[in-house]
Amino acid sequence: REKDDKYKTWMPKFLMAKEDKDQRKSSVDVERNIFKVKSNAEKSKKMEKEEKFFRETFMYDKEIKVINTATAECSVPSKSRVDLPVTAGEQLDVIDVTEGNTVICRNSEGRYGYVLVEHLNFR
């Protein structure tokens, strides 16, 4: 055993061949990318589910376009499923303007709902 150690040359990691480093990195990156793709797929699936629920609940058959972006001035819990709960400082996409003082908004999680205009700050 001592003879084997004697003839084995020790080389620090920074002196390893670039090919070895690239192979090592690529296998790690592939593993990480698998997890990212999975989470993105789950997120898009959830957003599709929210959009489907929104279209059924609000009977919304128009194309979903972002008219404007707004920031919530204060935190407001939802009183019903059609109201969107917002937190102070949250960025919202304004989808449609309704009669009265409410607008239909979408949050970063993909949930849709009514928000009072007085709770929003438009840039």
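Here's a quick rundown of the structure. Residue positions are given per chain, counted from 1 along the sequence in the order it is written. Given that the model is predicted, a residue must reach a pLDDT of at least 70 before its local features are reported, and side-chain atom pairs must reach 80 or more before they are shown or counted; all residues, however, enter totals for whole chains, interfaces and linings. To obtain the side-chain values, all non-hydrogen atoms of the structure were included, while hydrogens and water were left out.

Observations regarding the overall build of the protein chain
We count it as follows: Put simply, DSSP marks the helices as runs of H or I at least four residues long and the strands as runs of E at least two long, and each gets a number from the N terminus on. Three labels apply to residues, based on accessible area from a 1.4 Å probe with only protein chains included: buried if under 20% of the type maximum, exposed if over 50%, partly exposed otherwise in between. Only heavy atoms matter for contacts: two residues are in contact if any of them lie within 4.5 Å across the pair.
For the protein chain, the count of helices and strands is two helices and five strands. Listing the helices and strands of the protein chain from first to last along the sequence gives α-α-β-β-β-β-β. For the protein chain, buried positions account for 23% of its 123 residues. Partitioning the intrachain contacts of the protein chain with sequence separation of at least 6 by distance along the chain shows that 46% fall at a separation of at least 24.

A look at the packing of aromatic side chains
Stated precisely, the cut-off is as follows: Whether two aromatic rings pair depends on their centres lying within 6.5 Å, for rings of Phe, Tyr and Trp, where Trp uses its six-membered ring; planes under 30 degrees apart make the pair stacked, over 60 edge-to-face, and the rest tilted.
What the rule picks out here adds up to four aromatic pairs. Centre to centre, the rings of Phe 54 and Phe 58 are 4.9 Å apart; their planes meet at 45°, and the pair counts as tilted. Highlighted residues: Phe 54 and Phe 58, both in helix α2 (residues 18–58), separated by four residues, approximately one helical turn. Joined through ring pairs, the aromatic side chains of Phe 54, Phe 58, Tyr 60, Tyr 112 and Tyr 114 make up one cluster.

Looking at the pairing of strand β2 (residues 91–97)
Heads up, the condition is: Pairing between two strands requires that DSSP report at least two bridges joining them.
Relative to β2, strand β1 (residues 68–72) is paired through four bridges, and the arrangement is antiparallel. Bridging across to β2, Thr 69 finds its partner in Asp 93. Sheet analysis places β2 next to strand β3 (residues 102–106), joined by four bridges and oriented antiparallel. Bridge pairing in β3 places Asp 93 opposite Arg 106. Taking the residues between adjacent antiparallel strands as the criterion, β2 and β3 are bridged by four residues, where Gly 100 takes a positive phi near 90°.

A closer look at unusual backbone geometry
Positive phi outside glycine occurs at Met 59, with the angle close to 50°. Tracing the backbone through its elements, the reader meets Met 59 in the loop between α2 and β1.

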